[in-house]
Amino acid sequence: MTDDNPDKRQQADALVEELQRESAGRLTVFLGAAPGVGKTYAMLVRAHELRRQGRDIAVGIVETHGREDTARQLQGLEVVARRTLLHKGRTLEEMDLDAVLARRPAIVLVDELAHRNMPGSRHERRWQDVEELLDAGIDVYTTVNVQHLESLNDVVFQITGVRVAETVPDKVLDRLRDIRLVDLPARELIERLNQGKVYVPEAAERALASFFSPSNLTALRELAMQTVASHVDADLREHNAARGQRTVAGIRRHVLIAIDGHGQSQDLVRAGSRMAERRGATWSVVAVQRAHAGAAERAGPGIPGKGIDRRQVQRVLEIDRAFALARRLGGDTALLHGDDIASALLDAAQAHGATAIVLGRTRVRPVARLFNRTISQQLLRRGAQYEITIIGSAAHPPRSRHAPVLPRLPSGWADLGIVLPYTAGAILTAWLADRLLGLQDVSMIFMLAVLMVGARSRMAGAVITALLCFSAYDFLFIEPRLTFHIAANQGVATVGLFLAAALIAGQLASRLRAQVLALRAANSHATLIQDLARKLSIAADLGQVLQVGRGAMQEALGAMAWIAYDGIDVPPSAGEAPGAKDQGAMAWTRRHGQPSGRYTDTLSSSSWWFLPINAGEDSSGVVGLRFAAGVRSLSIEQRRLAESMAEDIGQAALRTTLVSDLEAARVAGETERLRTALLSSVSHDLRSPLASMIGAADSLAAYADDMSREDRAALLASITQEGQRLDRYIQNLLDMTRLGQQGLKLERDWIGVDELIASATRRLQRYVPQLSFEIDLPPDLPALHVHPALIEQALFNVLENAAKFSPPGAPVRIVARADAAAGLSLDIVDRGPGIPADERRRVFDMFYSVERGDRGGQGTGLGLAIVQAIVGAHMGRTEAYAGPDGQGTLVRITLPPDVLRREADPPHALDSL
């Protein structure tokens, strides 16, 4: 027989797993956010406490890293001798796993869980040693930093930019008995680092410059706390599941504070924050905006004052002030949309993982209280898993239920403008249908009027319409007519059902309208933010980001916008700029990172509303918004939209600033690399010919009389040759500089390909007389419209490069081909050692030969770079390939078709060089 109850099966499985964990050794982890927080020290302190209690404890391995305080804590504890291993001629020590298993203490201390064992050990990683100890029934105390957990490896890399190689699988932590957080504030850890208590001074400087930054340490501390909390939650869930107990939701406490803007919002924020602080819980403040709220919460800046209710204006301002207070006190804020306030609050509590809901004493509503429809009653009935705290206000004591209630004027005068026309229209339509068409049952006409009013006004308007239509239907169309008396019982049922249906239909239509308005508002907000994000994503620099942000805010909010960020001002496209008073409010916002100016309690005499642009932790800029004079207040949506847009602009500005800084650093590094290469090239390629010239000149000066005429001629020829070599090098440097600065202009003229090749080869043979060429030129090659001197120089550089690597006696081959569609190609082929395939593009980089390449460190590394620049200026390209049969190198110069002479071109004289 099997038990089909899934809850019992789950309880049985959980109980079996817990029994298995109890029978094996249990793991205790001392978790830290970073090295140096004191994990090993805390583990040793705990070991001494357990030893004094009579527990059998041994030290498997503890790394002191030269810290005297840690070494002193080892005194008095039994230490199992380590195992020595020989690795690459060095004797190293590791934990002796077999010795620990043979000793079999109740508890063993194993430091650095993520450590990689030396080659020759039984296991590759130390956590595998720990698993074997646990399987043997030995409890293990160990230490690890949060960045070594496998599941957090990518998160840590995103935070620190450092990819941790030694990681521990999360399955090891499934065997936890206890996890202890060893924490240290970032400032104290940095002080320990500076004092040399963590690393030696040289390593400490590198760590401070990268991993140990305050922002990294703060983020890692938060990550460590979350990790500990998640494992505590998991342990409790498993424990309860094994005993068939219901798991308590939300072990990590959170307090949700609900405000309504009716007089005690800021008091609630302060009381709720104190409650959360006492409990060590996070907290947030929410307000629910019903979609059929007054115009003050919906009106945009383009329709100032239209249908605005003074009380709604006060409510908006009170909620805004309460949100600002909450943010100053360290809480989160959120504006919820919905017609059912209790449902909205419960959904928010579930989303935040709240354990307690704090709200103020609601208004006295006797009828709602009678039917358990007040907000507090609904929360108590539907939110049984939450702690509900209701706080009264001394400034606004509850009204006595017997006190007289003064009548209040209706706030929805605009609703009457909808109710009365639709009611009158329904009566007229029903009368016409009854008189002209003989329609007996006209109730559907009145029902339609109720639905239309409910879809266009608040619920109160729908209820009033239903009552008016009910009265008109009974008075005018139910026998006997022109009286409210109903003769037949069927008529009573008909009228009663009509009234009930009309009320239900009106409420449903009003609720549907409320939801549509809420979705429309949320969609509008999301669309504007998405549009801004799209525009910011394509902004190339900080100036474009600020320009795009200003334009988007002006368009979305209907106000003049001014943005000042990091010394850059983007004034409004039209209108007057902020005055001296406004500049003072702007400076205050930049300094304190809080809103100021109009619509705030700080420097409210300014006509501009200033918001901080927070990039990172500091306020780096300010957004100023100036609405029309008739806009007396802003809706909550407008405020949150402006704040969201300012935040997005700040993040985009920070992104472009970081990109600019990184690019500047890259350019500086590249410039330094080129400068170093240039100095190396100059030191070699200037000194070599100069040394030869000076040596020949000294020999002539000292021994000219003793030399033969042939020896003197040889030395003079050497001086001439080395001088010409030096001249070519300096000319290359000058050409490269002018090409880089666009200082060479193309002065095109017509010249034949054969003349270019003849000029370049004759010039090269003056320096390399023994060099020979194989030239393959079709007889019908067209002339070229190029800069003759530059193209000849490019051809000369390629030929010179080929000559350096051609074996003695091997000719350099030159092949020219022309095509009307592809242009002219010049192939220069040598029979040298060739260029590796992965380096053929790099040979055209400046100074490449200084490092490595086909020239093997010879030459300046400028020749082919100049070729690429010259050919590129003619809109051509230069490429390197393997030579025929894979031997040697083929350098191809390709010029575009527009340099070729066409039949329609007039004849020109071909000027030789």
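Scoring rules and cut-offs
- The numbering scheme is per chain: residues are counted from 1 as the chain's sequence reads.
- Local features in a predicted model are, by the rule used here, given only for residues with pLDDT of at least 70; side-chain atom pairs are given and counted only at 80 or more, and totals for whole chains, interfaces and linings are based on all residues.
- Values reported for side chains reflect all heavy atoms of the structure, with hydrogen atoms and water molecules removed beforehand.
- A run of H or I in DSSP counts as a helix once it spans at least four residues, and a run of E counts as a strand once it spans at least two, with each numbered from the N terminus.
- In a helix, the anticipated span is given by 1.5 Å times the number of residues less one.
- Summary of the burial criterion: residues with accessible area below 20% of their type's maximum are buried, those above 50% are exposed, and those between are partly exposed, where the area comes from a 1.4 Å probe applied to protein chains only.
- Arc definition: it is the arc formed by the directions from the helix axis to the C-beta atoms.
- In this charge count, Lys and Arg are treated as positive and Asp and Glu as negative; neither His nor the chain ends contribute.
- By salt bridge we mean one thing: a side-chain nitrogen of Lys or Arg within 4 Å of a carboxyl oxygen of Asp or Glu.
- We define a polar contact as two N or O atoms separated by no more than 3.5 Å, with the added condition that, inside protein, one atom must be a possible hydrogen donor and the other a possible acceptor, whereas residues neighbouring each other in sequence contribute only through side-chain atom pairs.
- In this analysis, two residues are considered to be in contact whenever any of their non-hydrogen atoms come within 4.5 Å of each other.
- As a per-residue quantity, pLDDT reports the predictor's confidence and falls between 0 and 100.
- By definition, two strands form a pair when at least two bridges between them are found by DSSP.
- For helices, the fitted line uses only the C-alpha atoms of the stretch in contact; every axis is such a line through C-alpha atoms, and the angle between N-to-C directions lies from 0 to 180 degrees.
- Distance thresholds for patches are 9 Å for like charges and 5 Å for nonpolar side chains (Val, Leu, Ile, Met, Phe, Trp, Tyr), applied to residues having over 30% relative accessible area and no salt bridge.
- The Shrake-Rupley method, run with a 1.4 Å probe, gives the accessible areas here. Residue values count only the displayed protein chains as cover.
- To sort the angles, those under 35 degrees are grouped as roughly parallel, those over 145 as roughly antiparallel, those from 65 to 115 as roughly perpendicular, and the leftovers as oblique.
- Left-handed describes a crossing whose near helix is turned anticlockwise from the far helix by less than a right angle; the clockwise case is right-handed.
- Only Phe, Tyr and Trp rings are paired, with Trp represented by its six-membered ring, and only when their centres lie within 6.5 Å; those with planes under 30 degrees apart are stacked, over 60 edge-to-face, the remainder tilted.
- Criterion for a charge above a ring: Lys NZ or Arg CZ within 6 Å of the ring centre, and within 35 degrees of the ring normal.

A. Spatial organisation of unusual backbone geometry. Positioned with a positive phi, E112 is a non-glycine residue whose angle comes to about 55°. Within the element layout of this structure, E112 appears in the loop between β6 (107-110) and α5 (126-135).

B. The arrangement of helix α20 (residues 580-592) in detail. With 13 residues, α20 extends 18 Å from end C-alpha to end C-alpha; this agrees with the ideal 18 Å at 1.5 Å per step. Those residues of α20 that fall on the buried side of the exposure criterion are D582, A585, M586 and T589. Viewed along the axis of α20, the buried residues span an arc of 100°, placing them on a single side of the element. The exposed set on the far side of α20, more than 90 degrees from its buried face, consists of A580, K581 and R591. G593 sits one or two residues past α20 and shows a positive phi near 70°.

C. Seen up close, the side chain of D582. Note on placement: D582 falls in helix α20. For D582, which is buried and forms no salt bridge, the nearest opposite charge comes from R626, at a distance of 5.7 Å. Within polar-contact distance, the side chain of D582 engages the backbone nitrogen of S607 at 3.4 Å. Residue contacts for D582: discarding those within four places in its chain leaves S606, S607, W608 and F610.

D. Structural context of the confidence of the model for the protein. Predicted confidence across the protein gives a mean pLDDT of 75, with 72% of residues reaching 70 or more. Looking over the protein, one finds the lowest element-wise mean pLDDT in helix α26 (residues 848-851), namely 49, and the highest in β6, namely 94. Segment residues 246-250 is flagged for pLDDT under 50; beyond a separation of four residues in sequence, or across chains, it makes seven contacts in the model. Throughout residues 294-308 the model reports pLDDT below 50, and contacts reaching past four residues in sequence, or to other chains, amount to 33 contacts.

E. Expanded view of the sheet that holds strand β20 (residues 773-776). With mixed pairing, the five strands of this open sheet are ordered in space as β20-β22-β23-β25-β24. The sheet is open, and its two borders are formed by β20 and β24 (877-882), each paired with just one other strand. With strand direction ignored, the average angle separating the axes of adjacent strands in the sheet is 15°. Judged from the six bridges that link them, β24 and strand β25 (residues 889-895) form a sheet pairing that is antiparallel. Counterpart to A880 in the pairing with β25 is V891. Sheet strands touched by helix α24 (residues 753-767): β20, β22 (812-819) and β23 (823-830). Its angle to β20, the strand with the most contacts, is close to 175°. Taken strand by strand, helix α25 (residues 788-805) contacts β20, β22, β23 and β25, and its axis lies near 25° from that of β23.

F. Layout of a nonpolar patch on the surface. Together, L428, W431, L432, L436, L437 and L439 make up a nonpolar patch on the protein surface, roughly 650 Å² of accessible area in all. With respect to the helices and strands, the residue W431 is situated in helix α15 (residues 413-436).

G. Just the packing of helix α12 (residues 341-352) against helix α14 (residues 375-382), in detail. Look at α12 against α14: their axes get within 9 Å of each other, and the N-to-C directions meet at 45°. Taken together, α12 and α14 sit at an angle that is classed as oblique. The chirality of how α12 crosses α14 is right-handed. Facing I341, A342, S343, L345 and L346 of α12, the residues of α14 in contact are I375, Q378, L379 and R382.

H. Summary view of the packing of aromatic side chains. The final tally for this structure, using the stated rule, is four aromatic pairs. Where Y599 meets W609, the ring centres are 6.4 Å apart and the plane angle is 85°; that geometry is what we call edge-to-face. Of this pair, Y599 sits in the loop between β16 (596-597) and β17 (609-615) while W609 sits in strand β17; the two residues are ten residues apart in sequence, bridging distant segments of the chain. A residue is classified by how much of its surface remains accessible, and Y599, at 11% relative accessible area, is buried. When its relative accessible area of 2% is taken as the criterion, W609 is described as buried. Consider the rings of W608 and F610, whose centres lie 6.4 Å apart with planes at 15°: the pair is stacked. Of the two residues, W608 and F610, neither departs from the other in class, the shared state being buried. An aromatic cluster of at least three residues, connected via ring pairs, comprises Y599, W609 and F627. If you follow R639 out to its NZ or CZ, it ends over the ring of W609, 5.6 Å from the centre.

I. Highlighting the pairing of strand β5 (residues 90-94). Here strand β4 (residues 83-87) runs beside β5; their pairing, made up of five bridges, is antiparallel. Looking at the pairing, H87 lines up with R90 of β5. Once β4 ends, the chain turns through two residues before running back antiparallel as β5, passing K88 with a positive phi of about 55°.

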